Structure formats: C-alpha cells, structure tokens
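Spelled out from the first residue to the last, the chains are:
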Amino acid sequence: MSQRYYEFFCPVKVIAGKAALEHIPYELSGLGAGRPLLITDKGVRAAGLLEPVLEACEEGGQEIVTIYDDVPPDSSTHVVKDIAGIYRSEQCDSIIAVGGGSAIDTAKAVNILVSEGGDDLSAYAGAGVLTNPLKPFFVVPTTAGTGSEVTSVAVIADTEKSVKLPFTSSFLLPDAAIIDPRMTLTLPPHITAATGMDALTHATEAFTCMAKNPLSDAYATAAVKKISNNLLTVMDNPKNADSRLELAEASTMAGIAFSNSMVGLVHALGHATGAICHLPHGLCMSLYLPYVLEYNLETIREPLGELLLYMAGPDVYATTPANRRAEECISAIRKLRDALYQHCKLPRTLQETGKVGQDQLERIARLALDDGSIMFNPREVTLDDAMAVLNRAWG
C-alpha cells in the first residue's frame, strides 16, 4: 500500500478549546467582515446552542445581522436560494454556520451563490467549477462526527430533479473551524453515538483505503484513539466537557484524514442506503463498518492490525498475536457497537433499524456501485460482492 506520490491539503484554521467561540469577532474583523449571517437549524436553536455564540460575538463587539434557523435535515436548492436572498437583502458580508453536516453543507452552498452571483446552484455542481475565493466563512460544529468543517465538499438535494448535487472545491473550505465543547454538551445519546461512529468510520476508512498516506495516517490514528478512549465516557457522562472536546477534535482530525485519503465501500453503501431508505449518515456508517472491514480483510490485514493499537490500547495490542490483530480490531469495533446498542439502541444491523426491507438491498447495492467512494476501496466490488456484504449487514 506504500505510495510514492501523494498530496495533502488542509488550510483550515482550527480554533479549539473552552473559550474558542470568543475568538469569532477577532477572526471576522481580520477578514474585514462585520455583517455576518448566521445559518443554523431549529434543533440547534431549541437546544439553546445559539446563546453562547451570540454572547461571544456581542462581548467582542460583533453584531450578528440576521439568523436563519430553518435548515432542514436534507437541505435543498430551494433553501439555499432563499438564504442567499436574505444575505443579499440584509447586505451581509460573511457567513457563520452553526450545526451539523446539513447546516454546514447548506452554508457552503449559500456561500457559492452570494459570492458567484445568480440563483442557479446547479451551474456550480461538480469538481473544480469554482475559480475564485468565496466570502468569509466560519463553521461552529455542534456534532462530533461529520468533519464537514474541514472538508472541501458539500451535497445539496435538487428536489425537482430528485438528485443530490455534489460540490467539490478547495474554495468551499471555511476560513476557520471553531471547536468548542459547549456546543456538544447537550447532544442526545443516540446522536452522540451515531456521530462518534461516523468519525470512527472516516478515520478507519482513511487508514485502510487506497489513497492513504503518512500524513493522513497520523490524523486517522489519532482520531481513532480519541474516539475509543472517550466515546463511552461521554455516553456514561454526557456533561464531561473534556471528553466532549476530545470527540470534537477527533471528528475534525478524521475529517482532515479522509479529505486527503478518501473513503471506500462503507461510504458507498452508506450514501446509497441514505438515499433510498432515508437513514442518517452516521447510523449508516456504524451499520456497515465491521462488515466492510471483513470483506476487505485480506487486502487490509496490515493497516487494520496496526489500527488495533489505537482502537484497543497497547496492552491488547501486545498480547494479540500479529496474525490475529486485524480480526481483533474488527472485534473491538463490534464491542463498541454492542456497548452503544446497550446505551441507546443504536442499531447494529439493517433489520434493527426497522426501516430497511430486504427487497431494497439490490437497489442499494446497484446505487453503491455507482458511488465515487467505491473507487478507493482496497478490494474490487462486484454486484454480488455488494449484495453479500448487505446480506451480512441485514442481521
């Protein structure tokens, strides 16, 4: 798997810690911005998470001009167009996204329209279409999972055409990601669990897929260690700010890792399952991770065995024979999923979700084979292979 040539890119400034929010006004003024539009969703507002952000801005003499708090879980081109209209009419000059993956993706897309002009978002879909820097943009993640704050991609649904538009450009990267433990303290158990598994999957696929490289490996292994050391701690004690910060950092690190090394079959199956059965992304990642690792096992035995050190700690690693470490790593991931199931009934199989029919598996498999992520899976995947993995994940 050694690669003689690779590229690694992460220009996002990360501002992390217990007073990270208080730095937003300084960052805005540094970019000559003073009229930010804040983009979020109803859940974030209801959880009281806007207060610390607004207070931090006010203390720093920074007024938030307008708040848009109606981003849906699956954002669409209509929503993006509406928010861009508000940005223009309020004469805003910057964007702050507060939320999970959907709010961040929506804000990235809004930034395209308000920077490039026009209302037709689809004109900018694809890779490398954007050629100019966008408006000042800051992200405050409220889940510790997606890593969207450090990725150069966004996905927005075009509901009229029933397609998901992908956007890829380094210009979509925020100017800064603000990682503050206050933003994840109230995350409900099932979302904490699913987003933790989302980040674990990002890191594990980054470490075992085709485009892995020494720099992405460093971020991936550090993320796995933080998640395995802190996820169950937070499930037992949700208000543990130190462990919450560790998980948020792990999510960002896993995001940096997979943006540079890509992901594989877990994501291909997950994207397809999300599209067909409307299950949350993090849950899909958790469902498929062990089954895909088993499918890829003989191709990834070496890196997966190495990952055991970070997943289960030095004692387990040292006492496990070298030729069993890869299997033991999968076993450790299964144990973590079992513990999360005990805590909050996070499903471990497609059957346990209650939302997937066996008659849908072939559609999921066919859609997964068309997903871009599959190109970086370490082992070739045929339709029969994908069906075999899905049948194992069925339960």
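Scroll up to find the structure.
Parameters and conventions
Residues numbered from 1 in each chain as written. Predicted model: local features only at pLDDT ≥ 70, side-chain atom pairs only at ≥ 80, totals over all residues. Heavy atoms only, no water. Pairing = 2+ DSSP bridges. Helix = DSSP H or I, 4+ residues; strand = E, 2+ residues; numbered from the N terminus. Contact = heavy atoms within 4.5 Å. Axes fitted to C-alpha atoms, helices over the stretch in contact; angles between N-to-C directions. 1 Å grid on protein atoms, 1.4 Å probe; cavity = no way out; pocket = protein on both sides within 12 Å on 5 of 7 lines; lining within 4 Å. Points joined across faces, edges and corners; volume = space filled by probe spheres on them. Nonpolar A, V, L, I, M, F, W, Y, C, P; charged D, E, K, R; others polar. Expected span 1.5 Å × (residues − 1). Buried < 20%, exposed > 50% of the residue type's maximum accessible area, 1.4 Å probe, protein only. Arc of directions from axis to C-beta. Parallel < 35°, antiparallel > 145°, perpendicular 65-115°, else oblique. Left-handed = near helix turned anticlockwise from the far one by under 90°. Core = buried A, V, L, I, M, F, W, Y, C linked by side-chain atoms within 4.5 Å. Bend = angle between axes of the 7 residues up to and from the residue.

### A look at the sheet that holds strand S7 (residues 153–158)
Spatially, 3 strands are ordered S5-S8-S7 in an open sheet, and the strand pairing comes out mixed. The sheet terminates laterally at strand S5 (126–127) and S7, the two strands that pair on one side only. Relative to strand S8 (residues 163–168), S7 runs antiparallel, the two being bridged by 6 bridges. Note on S8: the bridge partner recorded for Ile156 is Leu165. Contacts between helix H5 (residues 101–116) and the sheet are confined to S7 and S8, with S7 contributing the most and set at about 85° to the helix.

### What to know about empty space enclosed by the protein
Under the criterion given, the structure shown has 3 cavities of 30 Å³ or more. By volume, the largest cavity is sized at about 50 Å³. Lining the largest cavity are Pro141, Thr143, Ala144, Glu149, Ile178, Ile179, Asp180, Thr184, Ala248 and Thr252. For the lining of the largest cavity, the secondary structure elements donating two or more residues are strand S9 (176–179) and helix H8 (241–261). Here the residues of the lining of the largest cavity are counted per class, giving 5 nonpolar, 3 polar and 2 charged.

### What to know about helix H15 (residues 383–394)
Helix length check: H15 (12 residues) gives 16 Å between terminal C-alpha atoms against 16 Å at 1.5 Å per residue, within 8%. For H15, every residue scored as buried is listed here: Ala386, Met387, Val389, Leu390, Ala393 and Trp394. Projected onto a plane normal to the axis of H15, the buried residues spread over an arc of 160° and lie on a single side. Positioned one or two residues after H15, Gly395 has a phi angle of 120°, which is positive.

### Looking at the layout of surface pockets
The computed volume of the second largest pocket comes to approximately 320 Å³. If you trace the second largest pocket, you find 17 residues lining it, with Glu7, Phe9, Ser259, Asn260 and Met262 closest to the centre. The residue inventory of the lining of the second largest pocket, partitioned by class, reads 10 nonpolar, 6 polar and 1 charged.

### Examining the packing of helix H14 (residues 361–369) against H15
Axis separation between H14 and H15 bottoms out at 9 Å; the angle between their running directions is 130°. Classified by the angle their axes make, H14 and H15 are oblique. When you trace H14 past H15, the crossing you get is right-handed. On the side of H14, the interface is formed by Leu361, Glu362, Ile364, Ala365, Arg366 and Leu369, while H15 contributes Leu383, Ala386, Met387, Leu390, Asn391 and Trp394. A class-by-class count of the residues in the contact of H14 with H15 yields 9 nonpolar, 1 polar and 2 charged.

### Things to note about the nonpolar core
Core analysis: the biggest nonpolar cluster contains 78 residues, and Leu200, Leu265, Tyr288, Leu304, Leu350, Ile364 and Leu390 have the highest contact counts within it. The leading source of residues in this core is helix H10 (residues 281–312), at 16 residues. Those residues in contact with Leu350 that sit more than four places away from it in its chain are Leu287, Tyr288, Val356, Leu361, Leu390, Ala393 and Trp394. Ranked by size, the runner-up nonpolar core spans 31 residues in total, among them Val110, Ile112, Val114 and Phe137.

### Points about the sheet that holds strand S4 (residues 94–99)
With respect to topology, 6 strands assemble into an open sheet ordered S1-S9-S6-S4-S2-S3, the strand pairing being parallel. Of all the strands in the sheet, the pair left with one neighbour each is strand S1 (13–16) and strand S3 (66–68). Averaged over all adjacent pairs, the angle separating strand axes in this sheet is 20°, with direction ignored. With 2 bridges joining them, strand S6 (residues 137–141) and S9 adopt parallel strand pairing. Looking across to S9, one finds that Phe138 is bridged to Ala176. Docked against the sheet, helix H3 (residues 50–59) engages strand S2 (36–39), S3 and S4, running at close to 170° with respect to S2.

### Quick word on H10
An ideal rise of 1.5 Å per residue puts 46 Å on 32 residues; H10 reaches only 25 Å between its terminal C-alpha atoms. Ile300 marks the point of greatest bend in H10, at about 100°, and the proline Pro303 comes within the next four residues. One or two steps after H10, the chain reaches Gly313, where phi turns positive at roughly 95°.

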